[in-house]
Amino acid sequence: SPSSPLIAETGGLNAMIVDSTALPEQAVRDVIASAFQSAGQRCSALRCLYVQEDIAPEFNKMLVGAMAELAQGNPWHLATDLGPVIDAEAHSDIATYIKTARTEGRIVAENKASGDGHFIAPTIVSISGIKDLEREIFGPVLHLATFRAEDLGLVLRDINATGYGLTFGLHTRIDDRVQEVIEGLHVGNAYVNRNQIGAVVGSQPFGGEGLSGTGPKAGGPAYLPQFCARPSVTDAKPDTKSATSAGKLAADLARMQPDARAISTMTLPGPTGEMNRLSIHARAPFLCFGPGENAAKEQVEQVNKAGGTGIACPGLDPQTLAELPPFGGVIWWGDELGGRAIVQSLAALPGPILPLLCGTPSHDQVTHERHLCVDTTASGGNAALIAQVAGS
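As the structure is a prediction and not an experimental result, all values here were calculated from the model. (Residues numbered from 1 in each chain as written. Predicted model: local features only at pLDDT ≥ 70, side-chain atom pairs only at ≥ 80, totals over all residues. Heavy atoms only, no water.)

**Re the pattern of salt bridges**
So, point 1. Taken as a whole, this structure holds 14 salt bridges when the rule is applied.
So, point 2. The partner of glutamate 274 in a salt bridge is arginine 194, and the shortest N-O contact between them spans 3.4 Å. Of this pair, glutamate 274 sits in strand E11 (residues 274–282) while arginine 194 is found in the loop between strand E8 (189–192) and strand E9 (209–210), placing the two residues 80 residues apart along the sequence.
So, point 3. Between arginine 340 and glutamate 336 there is a salt bridge, and its shortest N-O distance comes to 3.1 Å. Within this pair, arginine 340 and its partner glutamate 336 are both found in helix H8 (residues 336–347), separated by four residues, close to a single helical turn.
So, point 4. One continuous salt-bridge network, built from bridges that share partners, spans Arg148, Glu150 and Asp151. (Salt bridge = Lys/Arg side-chain N within 4 Å of Asp/Glu carboxyl O. Helix = DSSP H or I, 4+ residues; strand = E, 2+ residues; numbered from the N terminus.)

Written out as structure tokens, the structure is:
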């Protein structure tokens with residue numbers, strides 16, 4: 001069926017920013033865990049670290065020293081910090097990547113690999129920024145860049161421009177900066193003043209957006225319902241022969257991109273000293289194909305009611321979808337042949353996986369979730385805990 005959903009979580013080029021107010025010992029600890037635990041073989045692992053240039057020399061020295069203490073070996077042994085990569089193919093691919101970086105003079109530091117097995121030594125590679133990364137290196141390789149305080153906005157735009165949005169880390173003691181950065185990024189799971197791996201079901205629902213996943217989040221309130229069959233509508237008939245202009249639709253779409261602010265938020269349970277917040281945001285507008293003006297109008301009303309944004313475009317040629325600005329998906333209540341043509345056009349598009357909805361759109365289909373986890377003890381004390389103690 002053309003409406004069969006594809007549910008995916010697909011990795012990312014995960015970044016972390018460490019500014020000049022961060023606690024360096026704590027930030028180094030969390031960078032080491034995020035980049036090298038499990039030999040970097042986590043979809044959530046840190047791939048690109050930005051350090052504010054004001055603190056970079058001393059911070060990088062501390063980071064290199066901490067990395068040098070990592071022990072490779074048999075993962076069954078308690079003394080082992082990281083084991084081998086998964087197989088010979090992965091080992092060859094990562095080793096070739098590191099060799100190229102070494103030839104280019106971009107190796108900041110690397111440990112010595114263990115002799116037996118598919119071991120890749122923890123390695124730090126210098127880059128100018130995340131734009132230099134053409135793909136995810138799924139191993140113990142950390143890419144290191146610096147940034148100026150006044151260029152923080154540019155760094156955020158570069159991170160968003162990759163199209164990936166799985167995890168992100170931030171180390172800072174400025175509350176306003178947390179707000180600025182988190183609101184400016186399109187990522188599924190953001191972590192402040194802690195590592196960015198090891199999401200806990202119930203506290204940190206996990207999953208990305210854009211090229212990093214389709215949602216809803218694993219472990220979140222909307223996750224299980226997406227596996228249930230949803231009734232389709234296949235009897236809508238065209239009531240007009242007018243066709244939507246791709247040019248006019250493109251202009252309307254550009255004007256109707258969703259607000260960055262959350263539709264709703266909820267606080268999730270977690271350990272004392274940690275704040276976990278799940279927020280719901282509207283996806284990009286859904287194209288309502290009808291068929292026909294009446295069906296398209298009803299689809300728009302239902303998308304808007306569910307918390308998303310719908311735009312009517314009955315009669316639009318599916319082959320023109322590539323000419324449009326970003327959109328969230330397509331709704332179609334017509335015959336299977338028409339639905340298949342839409343699916344084929346969606347599949348041919350570069351970028352995120354976009355759905356075709358053939359039934360009544362639900363809240364979890366037209367919105368997406370973002371999760372924020374903050375170590376509230378990291379920036380000088382847990383005010384909530386102090387208040388509890390004072391009141392007892």
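Now that the structure has been shown, the text picks up again.
**Regarding the packing of aromatic side chains**
So, point 1. Enumeration according to the criterion identifies two aromatic pairs in this entry.
So, point 2. Ring centres of tyrosine 50 and phenylalanine 147 lie 6.5 Å apart, and the angle between their planes is 80°; on these two criteria the pair is classed as edge-to-face. Here the residue tyrosine 50 occupies a position in strand E2 (residues 48–52), and phenylalanine 147 occupies one in strand E5 (residues 141–147), the gap between them amounting to 97 residues.
So, point 3. Given a relative accessible area of 2%, tyrosine 50 falls into the buried group.
So, point 4. For the pair tyrosine 223 and phenylalanine 227, a centre-to-centre distance of 5.3 Å together with 80° between the ring planes defines the contact as edge-to-face. (Phe/Tyr/Trp six-rings, centres within 6.5 Å; stacked < 30°, edge-to-face > 60°. Buried < 20%, exposed > 50% of the residue type's maximum accessible area, 1.4 Å probe, protein only.)

**Points about the packing of helix H1 (residues 24–36) against helix H2 (residues 56–68)**
So, point 1. Relative orientation of the contacting elements H1 and H2 amounts to 50°, with a least axis distance of 10 Å. Between H1 and H2, the interaxial angle falls into the category oblique. Of the two possible hands of crossing, H1 and H2 adopt the one that is right-handed. Along its contact with H1, which presents Pro24, Glu25, Ala27, Val28, Val31, Ile32 and Phe36, the element H2 presents Phe59, Met62, Leu63, Ala66 and Met67.
So, point 2. For the contact of H1 with H2, a count of residues per class yields eleven nonpolar, no polar and one charged. (Axes fitted to C-alpha atoms, helices over the stretch in contact; angles between N-to-C directions. Parallel < 35°, antiparallel > 145°, perpendicular 65-115°, else oblique. Left-handed = near helix turned anticlockwise from the far one by under 90°. Contact = heavy atoms within 4.5 Å. Nonpolar A, V, L, I, M, F, W, Y, C, P; charged D, E, K, R; others polar.)

**Digging into the layout of surface pockets**
Where empty space is left in the structure can be found by rolling a water-sized probe over the atoms.
So, point 1. In this model, the second largest pocket occupies a volume close to 530 Å³.
So, point 2. Lining the second largest pocket are 29 residues; nearest its centre among them are Val178, Gln179, Ile182, Arg277 and Leu372.
So, point 3. Those elements that provide at least two residues to the lining of the second largest pocket are helix H5 (175–184), E8, E11 and strand E16 (367–375). (1 Å grid on protein atoms, 1.4 Å probe; cavity = no way out; pocket = protein on both sides within 12 Å on 5 of 7 lines; lining within 4 Å. Points joined across faces, edges and corners; volume = space filled by probe spheres on them.)

**So, helix H4 (residues 152–161)**
So, point 1. Buried within H4 we find Leu152, Val155, Leu156, Asp158 and Ile159. Buried residues along H4 cover an arc of 160° about the axis, so they all sit on one side. More than 90 degrees from the buried face of H4, the exposed residues found are Arg157 and Ala161.
So, point 2. Packed against the buried residues of H4 are strand E1 (15–18), E2, E5, strand E6 (164–165), strand E7 (167–171) and H5.
So, point 3. Of the residues flanking the end of H4, it is glycine 163, one or two places downstream, whose phi is positive at about 90°. (Arc of directions from axis to C-beta.)

**What to know about the sheet that holds strand E15 (residues 356–357)**
So, point 1. If you trace the four strands from one edge of the open sheet to the other, you get E13-E12-E14-E15, paired in parallel fashion. The open sheet is flanked by strand E13 (310–312) and E15, the only strands paired with a single partner.
So, point 2. Here three bridges tie strand E12 (residues 286–288) to strand E14 (residues 329–331), and the two strands are oriented parallel to one another. Looking at E14, one finds that phenylalanine 286 is bridged to glycine 329. (Pairing = 2+ DSSP bridges.)

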